[in-house]
Amino acid sequence: MRDNKKLKKFGSILVASSLLAGVLAGCGNGDSSSSGGGSSSGGGSSDGDTIKIGANLELSGNVASYGSSIGLGADLAVKEINDKGGINGKKIELIKVDNKSENSESTAAALKLATQDKVVAMLAPATSGNTVATVQIANSNKIPIVTGSGTAPNITVNDDGSVNEYAFRTCFIDPFQGIVAANFASNELKAKNVAIFADNASDYAKGLAKSFKETITKNGGKVVKEEAYVAKDTDFRTQLTNIKGEKPDFIFIPGYYEEVGLIVKQARDMGIDVPLMGADGWDSPTLVELAGAKALNNTYITNHYSAEDPDQKIQDFVKAFKAANGDKAPDAFNALGYDTIYYIADAIKRAGSTDGEAIKNALADTKDLSLVTGTFSVDKNHNPIKTATVLEFKDGKQVFNSKVNP
């Protein structure tokens, strides 16, 4: 998911300044909440009858929709696990901190959870950039972090190929989504001449665009036009006019719902009626509000799961989530938050310990773990090997289309 501009320039300066930010963040409780019960003091392990797990989430700010959804899924998982006796006889205490959708706040939140709240593991932020901002804290403090929706490869693997020892994820990575989208465009929609319209300030969007372009070209397709925009833009008519002039039969738009909603609306208003496709960054109820239900017809996304999938495990989750959330159907972020807690809990149980290194090793050794978003094993780069789902928008609703194996 989302990455923020100039993140890599922070380096050691960001980490040093975040130490002070983390201390200041701990001076009050305004950004923190907890669920699951138990003491709030601890030493990075289990406290009495509780096991502390942190949740560093976007609960306010530009992408609060993502973090809040992950938090709701995590809450349900914690309740279910605790109702069944907890982990090795101890209840989970989930400590949430609002990172306000910012890199610096994410770093400060991670430091607070690690050094003050003494959590044994963390749900990392929903977006890629915010998660990358917490990786060094995780490695330095030997506390595993698991992002439910941070799909950028550099969360788990650095540019030099080294693996971030304490960083994991429950979602697939960006290149896989680009490959799935390209194969779907070629095989199912028979697209031949395609355009790409991507956020050029986002590693998330650029990674998806790169893998899509490589795969569609390999499939015999032709990229007839590439255009770019920047997050926070609101008028996309110039780029859309350039794309329309090349008469593509398909447009790939990797990006986030805030801009994509406006892009889709403006494209349809301009008479661009070809199929449009994106990835998990489109997945927000706000997308429909921005674009309009009719404009979203004939659009598709790659995603992590569908509430309409007939799989019994998924339908059991949907039923439980609706019961806990006013009959609201769970979206992919709800499901990923839910799965991330179960992934961490499974690792702690198998480790038989709340020691960070033991949990980290158990996370890395996970094999054939059955979760709502798919059964997965963890590869050498700490990424799950799992299926992807293609969804189609029909009258503003996401409809299950197909599953794609890795």
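Notes on the structure in this doc start here. (Residues numbered from 1 in each chain as written. Predicted model: local features only at pLDDT ≥ 70, side-chain atom pairs only at ≥ 80, totals over all residues. Heavy atoms only, no water.)

Observations concerning the overall build of the protein
Helix and strand counts for the protein come out as 12 helices and 17 strands. Looking at the protein as a whole, 54% of its 406 residues qualify as buried. Summarising the internal contacts of the protein: among those between residues at least 6 apart in sequence, 71% fall at separations of at least 24. Counting every atom, the protein has about 15,800 Å² of accessible surface; 49% of that belongs to carbon and sulfur. (Helix = DSSP H or I, 4+ residues; strand = E, 2+ residues; numbered from the N terminus. Buried < 20%, exposed > 50% of the residue type's maximum accessible area, 1.4 Å probe, protein only. Contact = heavy atoms within 4.5 Å. Areas by Shrake-Rupley, 256 points an atom, 1.4 Å probe, with all protein chains shown as cover.)

A word on the sheet that holds strand S14 (residues 374–378)
Paired through their backbone hydrogen bonds, the strands of a sheet run either parallel or antiparallel. With antiparallel pairing, 3 strands are arranged side by side in an open sheet as S13-S14-S15. In the strand order of this sheet, the two ends are held by strand S13 (369–371) and strand S15 (384–385), each with one partner. Note that S13 and S14 share 3 bridges and pair antiparallel. Looking at the pairing, leucine 369 lines up with phenylalanine 376 of S14. Docked against the sheet, helix H11 (residues 332–351) engages S13 and S14, running at close to 155 degrees with respect to S13. (Pairing = 2+ DSSP bridges. Axes fitted to C-alpha atoms, helices over the stretch in contact; angles between N-to-C directions.)

What about the packing of aromatic side chains?
By the definition in use, this model includes 15 aromatic pairs. When the ring of phenylalanine 197 is compared with that of phenylalanine 236, the centres are 6.2 Å apart and the planes differ by 80 degrees; the resulting orientation is edge-to-face. Within this pair, whereas phenylalanine 197 is found in strand S8 (residues 193–199), its partner phenylalanine 236 is found in the loop between strand S9 (222–229) and helix H7 (237–245), the two being separated by 39 residues in sequence. Residue phenylalanine 197 shares its accessibility class with phenylalanine 236, and that shared class is buried. Relative to phenylalanine 376, the ring of tyrosine 343 has its centre 5.3 Å away and its plane inclined at 75 degrees; by these criteria the two rings are edge-to-face. (Phe/Tyr/Trp six-rings, centres within 6.5 Å; stacked < 30°, edge-to-face > 60°.)

Thoughts on the packing of helix H2 (residues 64–83) against helix H10 (residues 312–324)
The N-to-C vectors of H2 and H10 enclose an angle of 100 degrees; their axes lie 11 Å apart at closest approach. Taken as axis vectors, H2 and H10 run roughly perpendicular relative to one another. Of H10, the residues touching H2 (which contributes Leu72, Gly73, Leu76 and Glu80) are Phe317, Ala320, Phe321 and Ala324. Residues that form the contact of H2 with H10 fall into these classes: 6 nonpolar, 1 polar and 1 charged. (Parallel < 35°, antiparallel > 145°, perpendicular 65-115°, else oblique. Nonpolar A, V, L, I, M, F, W, Y, C, P; charged D, E, K, R; others polar.)

Some words on helix H12 (residues 356–364)
Buried within H12 are the following residues: Gly356, Ile359, Lys360, Ala362 and Leu363. The buried residues of H12 occupy an angular sector of 165 degrees when the element is viewed end-on, so they sit on one face. Contact partners of the buried residues in H12: strand S6 (145–147), strand S7 (167–169), H11 and S14. Two or three places before glutamate 357, at the opening of H12, aspartate 355 has a side-chain oxygen 3.2 Å from that residue's backbone nitrogen. (Arc of directions from axis to C-beta. Polar contact = N/O pair within 3.5 Å; in protein donor to acceptor, adjacent residues only side chain to side chain.)

Quick look at helix H6 (residues 203–218)
For H6, with 16 residues, the first-to-last C-alpha span of 22 Å sits near the 22 Å given by 1.5 Å per residue. Residues Tyr204, Ala205, Leu208, Ala209, Ser211, Phe212, Thr215 and Ile216 constitute the buried set of H6. Taken together, the buried residues of H6 touch helix H5 (174–187), S8, S9 and strand S10 (250–252). The N-terminus of H6 is capped by serine 202, whose side-chain oxygen sits 3.2 Å from the backbone nitrogen of tyrosine 204. Among the residues trailing H6, glycine 220 stands out with phi positive, at a value near 100 degrees. (Expected span 1.5 Å × (residues − 1).)

Observations concerning the sheet that holds strand S12 (residues 299–303)
If you trace the 7 strands from one edge of the open sheet to the other, you get S9-S8-S10-S11-S12-S16-S17, paired in mixed fashion. Of all strands in the sheet, those bounded by a partner on one side alone are S9 and strand S17 (397–404). Between one strand and the next, the sheet's axes are offset by a mean angle of 25 degrees, whatever the strand orientation. Sheet contacts for H7: S8, S9 and S10; angle to S9, the most-contacted strand, approximately 175 degrees.

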